[in-house]
Amino acid sequence: MIKVISEIGVARLDGFLMGVMALNGRINDYYAGAFILENTTEQNVDINLIQYFQSRCQLNVDMKYDVKYSQIEQEIQVFIAENILNYPIGHFDCKAVDDKKKYISFKILDMIEFLMPNSEYTSYRFEKAIKIEGLIEHSTSKDTFFCFPCAQHVLVLQFSVPCTGTDNG
């Protein structure tokens with residue numbers, strides 16, 4: 001019997017992502033979270049995302065493309081511990097920071113796989129995510145969404161980082 005994504009599990013993942021982003025030190029500038037969208041079709045994930053934000057603000061989508069499973073972990077690492085607790089680059093051992101980024105991104109994917117629906121005999125294994133990049137109106141951040149469609153829902157990871165050299169507000 002197929003199960004739907006666990007809301008409690010998504011809440012745990014959301015808290016984990018927020019804690020990871022707090023490592024950046026500037027908690028008002030960096031954000032990461034997880035939430036669930038209703039899934040109509042895989043092709044309309046970006047439209048569903050825009051409609052989700054529509055009641056709060058305008059999301060302007062710049063790019064939408066598929067990311068293979070083997071690349072997701074590396075794509076997520078870009079957002080993790082970019083600026084650890086506001087210390088200057090080089091304050092910490094770069095290899096140790098890279099190792100932590102790899103572990104944390106692995107842990108995020110591990111949590112996602114645990115959330116995905118499964119049956120008693122087979123586990124759901126996603127082959128790709130849909131990556132959507134855009135800007136939210138009146139925000140100084142660039143937002144990147146990784147969308148994991150499955151059956152009735154889409155699990156969405158959102159990462160917001162400060163824009164560099166652009167005015168979005």
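Use the structure listed above.
Here the structure is a predicted model, which is why all the values come from computation and not from measurement.

K.L.:
Teacher, can you tell me more about the overall build of the chain here?
P.N.:
From N to C terminus, the chain includes 4 helices and 5 strands. The secondary structure elements of the chain, listed N-terminal to C-terminal, are α-β-α-β-α-α-β-β-β. Of all 169 residues assigned to the chain, the portion counted as buried reaches 42%. On the chain, roughly 9,800 Å² of surface is accessible, and the fraction owed to carbon and sulfur atoms is 53%.

K.L.:
Help me understand the environment of Pro 149, please; the structure alone is not making it clear to me.
P.N.:
By the element assignment, Pro 149 lies in strand S4 (residues 141–150). A relative accessible area of 12% places Pro 149 in the buried class. Once the C-alpha coordinates of Pro 149 and Ala 129 are considered, the two residues, 20 residues apart in sequence, prove to be 7.4 Å apart.

K.L.:
Would you mind showing me how to read the packing of helix H1 (residues 7–22) against helix H4 (residues 94–115) here?
P.N.:
Angle between the axes and distance between the axes are the two parameters that describe a pair of packed helices. Where H1 meets H4, the axes come as close as 10 Å, and the angle between the chain directions of the two elements is 170 degrees. By the angle between their directions, the pair H1 and H4 is classed as roughly antiparallel. On H4, the residues touching Gly 9, Val 10, Arg 12, Leu 13, Phe 16, Leu 17 and Val 20 of H1 are Ile 104, Lys 107, Ile 108, Met 111, Ile 112 and Leu 115. Looking at side-chain class alone, the contact of H1 with H4 contains 10 nonpolar, 1 polar and 2 charged residues.

K.L.:
Looking at this model, I keep getting lost on the sheet that holds strand S3 (residues 128–136). Mind explaining?
P.N.:
To summarise the sheet geometry, strands pair through backbone hydrogen bonds and adopt either a parallel or an antiparallel arrangement. Judged by pairing direction, the sheet is antiparallel, and its 5 strands sit side by side in the order S1-S5-S4-S3-S2 without closing on themselves. At either margin of the open sheet sits one strand with a lone partner, and together these are strand S1 (31–38) and strand S2 (59–68). Strand-to-strand twist across the sheet, computed as the mean angle between neighbouring axes with direction ignored, equals 25 degrees. Pairing between S3 and S4: 6 bridges, direction antiparallel. Along S4, the bridge assignment pairs Ile 130 with Cys 147. Docked against the sheet, H1 engages S1 and strand S5 (153–162), running at close to 160 degrees with respect to S1. Here helix H3 (residues 69–77) sits on the sheet in contact with S2, S3, S4 and S5, set at roughly 130 degrees to S2.

K.L.:
When you look at the pattern of salt bridges in this model, what are you seeing that I'm missing?
P.N.:
A side chain with one charge can pair with a side chain of the opposite charge if their charged atoms come near. The final tally for this structure, using the stated rule, is 6 salt bridges. Between Asp 99 and Lys 95 there is a salt bridge, with its nearest N and O atoms 3.1 Å apart. Here the residue Asp 99 and the residue Lys 95 both occupy positions in helix H4, the gap between them amounting to 4 residues, near one helical turn. Look at Asp 99 and you get partly exposed, because its relative accessible area is 35%. Judged by its relative accessible area of 54%, Lys 95 falls in the exposed class.

K.L.:
Would you take a moment to explain the packing of H3 against H4 for this structure?
P.N.:
Here H3 crosses H4 at 130 degrees, and the two axes come no closer than 8 Å. With respect to H4, the element H3 is oriented oblique. Every pair of crossing elements has a handedness; the one defined by H3 and H4 is right-handed. Contacts from Tyr 69, Ile 72, Glu 73, Ile 76 and Gln 77 in H3 reach Lys 101, Lys 102, Ser 105, Phe 106, Ile 108, Leu 109 and Glu 113 in H4. Considered class by class, the residues forming the contact of H3 with H4 number 6 nonpolar, 2 polar and 4 charged.

Criteria and thresholds
- Residues numbered from 1 in each chain as written.
- Predicted model: local features only at pLDDT ≥ 70, side-chain atom pairs only at ≥ 80, totals over all residues.
- Heavy atoms only, no water.
- Helix = DSSP H or I, 4+ residues; strand = E, 2+ residues; numbered from the N terminus.
- Buried < 20%, exposed > 50% of the residue type's maximum accessible area, 1.4 Å probe, protein only.
- Areas by Shrake-Rupley, 256 points an atom, 1.4 Å probe, with all protein chains shown as cover.
- Axes fitted to C-alpha atoms, helices over the stretch in contact; angles between N-to-C directions.
- Parallel < 35°, antiparallel > 145°, perpendicular 65-115°, else oblique.
- Contact = heavy atoms within 4.5 Å.
- Nonpolar A, V, L, I, M, F, W, Y, C, P; charged D, E, K, R; others polar.
- Pairing = 2+ DSSP bridges.
- Salt bridge = Lys/Arg side-chain N within 4 Å of Asp/Glu carboxyl O.
- Left-handed = near helix turned anticlockwise from the far one by under 90°.

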